[in-house]
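# A structural walkthrough
As a plain string of letters, each chain reads:
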Amino acid sequence: MNKFNFLKSVTTIVVATTALLAISSAQAELKGWNIHVPDYPVSVGMDKFTSLMEASTGIKAKTFHNGVLGSQPDAIKQVQLGGLDFAVFSLGPMGPIVPATNVVSLPFIFKNMDHMHRVMDGSFGDKLSAAMEEKGLVGLAWYDSGARSFYNSKKPITEVADMKGLKFRVMGNPIFVEMVEALGGNATPMAFSEVFQSLKTGVIDGAENNWPSYESTSHFEVAGFYSLSQHLIIPECLCMSKITWDKLSDDEKVAVKAAARESSVLQREEWAKRALKSRKIVEAGGIKFNEIADKSAFQDAMSVVYEKAVAKSPFLQEYIDAIQSVD
Ligand code: GTR
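Residues numbered from 1 in each chain as written. Predicted model: local features only at pLDDT ≥ 70, side-chain atom pairs only at ≥ 80, totals over all residues.

Surrounding the ligand, one finds Ile35, Gln72, Ser90, Gly92, Ser145, Met171, Phe192, Asn209, Asn210, Ser213 and Glu236. Taken together, the residues that form the shell around the ligand break down as three nonpolar, seven polar and one charged. Per-domain counts for the shell around the ligand show at least three residues from each of domain 1 (30–144 + 235–275) and domain 2 (147–233 + 286–324). (Near = placed C-beta within 6 Å. Nonpolar A, V, L, I, M, F, W, Y, C, P; charged D, E, K, R; others polar. Domains from an automatic or database assignment.)

Accessible area lost on assembly of the parts is the figure often given for the size of an interface. Examined at the domain level, the protein chain breaks down into domain 1 (30–144 + 235–275) and domain 2 (147–233 + 286–324). In this structure, domain 1 and domain 2 have C-alpha centres spaced 23 Å apart. Across the contact, 30 residues belong to domain 1 and 26 residues belong to domain 2. If you list the elements that add at least two residues to the side of domain 1 that touches domain 2, you get α3 (72–81), α4 (113–120) and α11 (250–284). (Contact = placed C-beta atoms within 7 Å. Helix = DSSP H or I, 4+ residues; strand = E, 2+ residues; numbered from the N terminus.)

Running from amino to carboxyl end, helix α2 (residues 41–57) crosses α11 at an angle of 155°, the nearest separation of the two axes being 8 Å. As summarised for this structure, α2 and α11 are arranged roughly antiparallel, according to the angle between their axes. Judged by the sense of rotation from one axis to the other, the crossing of α2 with α11 is right-handed. Grouping the amino acids of the contact of α2 with α11 by side-chain chemistry returns 12 nonpolar, six polar and five charged. (Axes fitted to C-alpha atoms, helices over the stretch in contact; angles between N-to-C directions. Parallel < 35°, antiparallel > 145°, perpendicular 65-115°, else oblique. Left-handed = near helix turned anticlockwise from the far one by under 90°.)

Let's shift gears to the confidence of the model for the protein chain. Taken as a whole, the protein chain shows an average pLDDT of 93; of its residues, 92% reach a score of 70 or greater. Below a pLDDT of 50 lies the segment residues 1–26, which in the model reaches one contact outside its immediate sequence neighbourhood of four places, other chains included. (pLDDT = per-residue confidence, 0-100.)

We now examine the sheet that holds strand β2 (residues 61–64). As summarised here, the arrangement of the five strands in space is β2-β1-β3-β10-β4, forming an open sheet in which the pairing is mixed. The sheet is open, and its two borders are formed by β2 and β4 (137–143), each paired with just one other strand. With strand direction ignored, the average angle separating the axes of adjacent strands in the sheet is 25°. Summarising the sheet, strand β3 (residues 86–90) and strand β10 (residues 236–241) pair through five bridges and their orientation is antiparallel. Its bridge partner being in β10, phenylalanine 86 is matched across the sheet by methionine 240. Relative to the sheet, α3 contacts β1 (30–33), β3, β4 and β10, its axis offset from that of β3 by approximately 140°. (Pairing = 2+ DSSP bridges.)

As structure tokens, this is what we get:
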């Protein structure tokens, strides 16, 4: 090959490779799943994540808010399969897929939000991330989701006996069915998107959630008794499909994790603000709110839920002890 032909071939290879790269990056807009409305703290956090990621790596990504890409259990499967690239998931419905995460779905496992942060931001959080990664979900950062309380359309819950006969929607995890049944209520697992209509038509009497979700879904308009049981504090995970993650270079992985961590700082600030704002909105909307002076009977009733969880996955006992040993 003469010098001219050699240069021509090199140029052809360079042009072809550049074109290929351009095609793959043009096609490679990552797709993110989110269940919440666009101004929700999770959504604000995810938008921050994608803009930081694009700024530091050039990787383009878009989050589809409002649950338009389907329910959470389906989306978890899609992220595992690589059909979706990233998402923010509550660890609540994650348990059937990653049993280790069931520990944070145990009622009253965390003393308060600060305790949850100390546990999840420490080595225990890394342990849960590792369990998720084995199932194809790479944990990038933990987001806040406050404390969940019961609400219903019939009456205030002031003691365990008030739960009797009421039908509550729960997230898709047997732990939550057992939780409501242990309190004397009836439980129906149901997708988040179906709860409003089901409350409105009386298919269910109540549900349980944090202030921002109670407000953003308008559930407060159809189930006006909110009783501060704060029985669940469940962290959420910004996670990426392992299939997508494995395509990143080492430098990109570092940058993507940094973007996720930075987004979680904003998400947590937004969370604290939105929790106060949502509470004001629903109170102004006329809901009847009550504190539960003594939660000990609710907590005591949960021992059967803990026993069943440990019977199913004996390793959970060590996880429970680990969380309870964090101050
Ligand atoms: C919200 C949570 C969602 C989803 C929802 C539900 O608080 O952020 O991920 O779990 O509750 O009740 O289904």
